[in-house]
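Listed here are the chains, written in short residue letters.
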Amino acid sequence: MTKSVTLREVAERAGVSLGTASQALNNRPHVSATARERVLMAAQELGYVSRRRPQEAAISTIGLLIKHDSGPLPRFNYFFSYVQAGVELECHSHRINLMVAIVKTDQNNRPVDGWPRIIEEQSVDGFILVGLNVEPTFSELRQQLPNKPIVLVDSYAFGFPFDSVVIDNIGGAIQAVNYLVDRGHRCIGLLGTNKHSSPDIRERREGYYWALAARQIDEVYVEEGPMQREEGYHALKRLLQRAPHVTAVFAVNDETAIGALQAAYEMRIAVPEELSIIGFDDIDMASEVRPALTTIHVPKMWLGRLGVRRLLERAQSPDAPAVTISVATHLVERNSVGPCRNPDARPEHNNKPGGVYIDLPFT
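No experiment lies behind these values; they were computed from the predicted model shown.

Visitor: Which parts of the structure should I look at to understand the nonpolar core?
Guide: In globular proteins that are soluble, nonpolar side chains generally tend to be buried together. With 44 residues, the main nonpolar core has I128, F250 and L303 as its most contacted residues. Among the elements that make up this core, the one with the highest residue count is helix α6 (residues 169–182) (six residues). Excluding its chain neighbours within four sequence positions, the residues that come into contact with L303 are F79, V83, V153, V165, V166, I167, V298 and V327. By size, the runner-up hydrophobic cluster in this structure holds 27 residues, among which are A260, L261, A264 and I277.

Written out as structure tokens, the structure is:
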């Protein structure tokens, strides 16, 4: 069987770099006419056949724009690191180059300080935006990227014609609340949202309300605040101070839930014997704390992989209608939820901590 000619052999024959050969064969505009002619001649002489599949022909390099909190200190994001890994794996499997840039955002995932310079790169054929609320800056973004395909992953731009890959946030929240109700809990708190929260978190709050209403439970106990570990710690203390009869809490993400676990530990409230806590996202740390956190699993790497696939499809069919892919979640049972017990029996003070907790300092 005849050995296939590689791109590297074409580059060596033409006397150019591997990147220049790739760009010339993909008809990129920033390759000189002389270099392009040498590459095409070398490819013809060697009988080079591109291994790129037809739907990938319009996509050689993807730009990944990923949210980054704009606070005074950088915070590693456990959730989006897996989304990025999914994008990287899918690009690798399709032999597509990837360029990554962060977008500074406020607490509600809206870009601040403008867009990164990567959007000016002529070599980038399409963009995936991760974790962003781009509605306020849509006009600016479209002005800078008038003809390039864009896919939103766990990002929002309601009313604008973008393809998107989103989480079934409402369905996941309903799963979490129903799980608590099925274990006898009726006084269920909500932590980690406020009226300025990003749309995905507002959906989780909406799912909390829907689930309680469907189970004919009228009382809601919402303690507003950002969805951060430190805020989860303070929010649980505030909630139990004003509503000590609450027997369970649903936190809209795992970091908030882990902060609530630490607060319960310091308050000598046993989890799950006296208070049940459930999170959302299923980050690695959820299984490392004690008690291990019951949570809603989000297939984070698949969000990234599906984003790449959708971008390839959009490049192949630029006039097709926008598509939204909703990714399902599922419950992961661990040790932080138990059956409801009489909240009046909860001691205000106890001589020993309520369970064991790995001390994880706030970041």
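Additional details are given in the paragraphs that follow.
Visitor: Help me understand the pattern of salt bridges, please; the structure alone is not making it clear to me.
Guide: Overall, the coordinates contain 15 salt bridges when judged by the stated rule. The partner of D182 in a salt bridge is R215, and the shortest N-O contact between them spans 2.9 Å. Linking D182 in helix α6 with R215 in the loop between α7 (199–214) and β7 (221–223), this pair joins segments that are 33 residues apart in sequence. The exposure class of D182 is exposed, given its relative accessible area of 51%. When the shortest N-O distance is used, the salt bridge between E333 and R183 registers 3.8 Å. With a gap of 150 residues between them, E333 in the segment after β12 (330–332) and R183 in the loop between α6 and β6 (188–191) connect regions that are remote in the sequence. For E333, a relative accessible area of 53% gives the class exposed. Here R183 falls in the partly exposed class, since its relative accessible area comes to 30%.

Visitor: Explain a nonpolar patch on the surface to me, please; I cannot follow it from the model alone.
Guide: Residues Y209, W210 and V220 make up a contiguous nonpolar surface patch of about 290 Å² in total accessible area. Its location among the elements puts V220 in the loop between α7 and β7. A residue is classified by how much of its surface remains accessible, and V220, at 36% relative accessible area, is partly exposed.

Visitor: What should I look at first to understand the side chain of D154 in this one?
Guide: When you line up the elements, D154 lands in the loop between β4 (150–153) and β5 (163–167). At 5.6 Å, R204 is the nearest oppositely charged side chain to D154, a buried residue that forms no salt bridge.

Visitor: Where do I start with the sheet that holds strand β11 (residues 324–327) in this structure?
Guide: Within a sheet, each strand pairs with its neighbour through backbone hydrogen bonds, oriented either parallel or antiparallel. Ordered by their spatial adjacency, six strands build an open sheet running β2-β1-β3-β4-β5-β11, and the pairing between neighbours is parallel. In this open sheet, the two edge strands, each paired with only one partner strand, are β2 (97–105) and β11. On average, each strand axis in the sheet is inclined to that of its neighbour by 15 degrees, with strand direction left out of account. Of the strand pairs in this sheet, β5 and β11 are connected by four bridges, and their pairing is parallel. The partner of I167 across the bridge, within β11, is V327.

Visitor: Quick question: what am I supposed to make of the sheet that holds β12 here?
Guide: Taken together, the six strands give an open sheet; going across it, the order is β7-β6-β8-β9-β10-β12, and neighbouring strands pair in mixed fashion. Of all the strands in the sheet, just β7 and β12 have a single pairing partner and so form its edges. On average, each strand axis in the sheet is inclined to that of its neighbour by 20 degrees, with strand direction left out of account. Pairing of strand β8 (residues 248–251) with strand β9 (residues 276–281), which is carried by three bridges, proceeds in the parallel orientation.

Visitor: Would you mind going over unusual backbone geometry with me for this structure?
Guide: A negative phi angle characterises most non-glycine residues, just as the trans form characterises most peptide bonds. Of note, the bond from V271 into P272 is cis; its omega dihedral lies within 30 degrees of zero at 10 degrees. Note on placement: P272 falls in the loop between α9 (254–266) and β9. Note the cis peptide between R290 and P291, where omega equals 0 degrees. Secondary-structure assignment places P291 in the loop between β9 and β10 (294–297). Residue D154 is not a glycine yet carries a positive backbone phi of 50 degrees. Of the residues examined, D154 reaches a relative accessible area of 5% and is grouped as buried. Even without being a glycine, D281 presents a positive backbone phi close to 120 degrees. Take D281: its relative accessible area is 7%, and that puts it in the buried class.

Visitor: What is the right way to read the packing of helix α4 (residues 78–93) against helix α10 (residues 300–316) from this model?
Guide: Pairs of packed helices are described in terms of their axes, by the angle between the two and the distance that separates them. Packing of α4 against α10 leaves a shortest axis separation of 6 Å and a crossing angle of 40 degrees. Comparing their axes, α10 and α4 come out oblique. The crossing of α4 and α10 is right-handed. Residues F79, Y82, V83, A85, G86, V87, L89, E90, C91 and S93 of α4 form the contact with α10, whose own contacting residues are K300, M301, L303, G304, R305, V308 and R309. Of the residues that constitute the contact of α4 with α10, the class distribution is ten nonpolar, three polar and four charged.

Visitor: Any chance you could explain helix α8 (residues 229–242) here in plain terms?
Guide: The first and last C-alpha atoms of α8 sit 20 Å apart over 14 residues, in line with the 20 Å expected at 1.5 Å per residue. Of all the residues in α8, the buried ones are R229, E231, G232, Y233, A235, L236, L239 and L240. Summarising the contacts, the buried residues of α8 are in contact with α4, β6, β7, β8 and α9.

Rules and cut-offs
- Residues numbered from 1 in each chain as written.
- Predicted model: local features only at pLDDT ≥ 70, side-chain atom pairs only at ≥ 80, totals over all residues.
- Heavy atoms only, no water.
- Core = buried A, V, L, I, M, F, W, Y, C linked by side-chain atoms within 4.5 Å.
- Buried < 20%, exposed > 50% of the residue type's maximum accessible area, 1.4 Å probe, protein only.
- Helix = DSSP H or I, 4+ residues; strand = E, 2+ residues; numbered from the N terminus.
- Contact = heavy atoms within 4.5 Å.
- Salt bridge = Lys/Arg side-chain N within 4 Å of Asp/Glu carboxyl O.
- Patch = residues over 30% accessible without salt bridge, like charges linked within 9 Å, V, L, I, M, F, W, Y side chains within 5 Å.
- Areas by Shrake-Rupley, 256 points an atom, 1.4 Å probe, with all protein chains shown as cover.
- Lys, Arg positive; Asp, Glu negative; His and termini not counted.
- Pairing = 2+ DSSP bridges.
- Axes fitted to C-alpha atoms, helices over the stretch in contact; angles between N-to-C directions.
- Parallel < 35°, antiparallel > 145°, perpendicular 65-115°, else oblique.
- Left-handed = near helix turned anticlockwise from the far one by under 90°.
- Nonpolar A, V, L, I, M, F, W, Y, C, P; charged D, E, K, R; others polar.
- Expected span 1.5 Å × (residues − 1).

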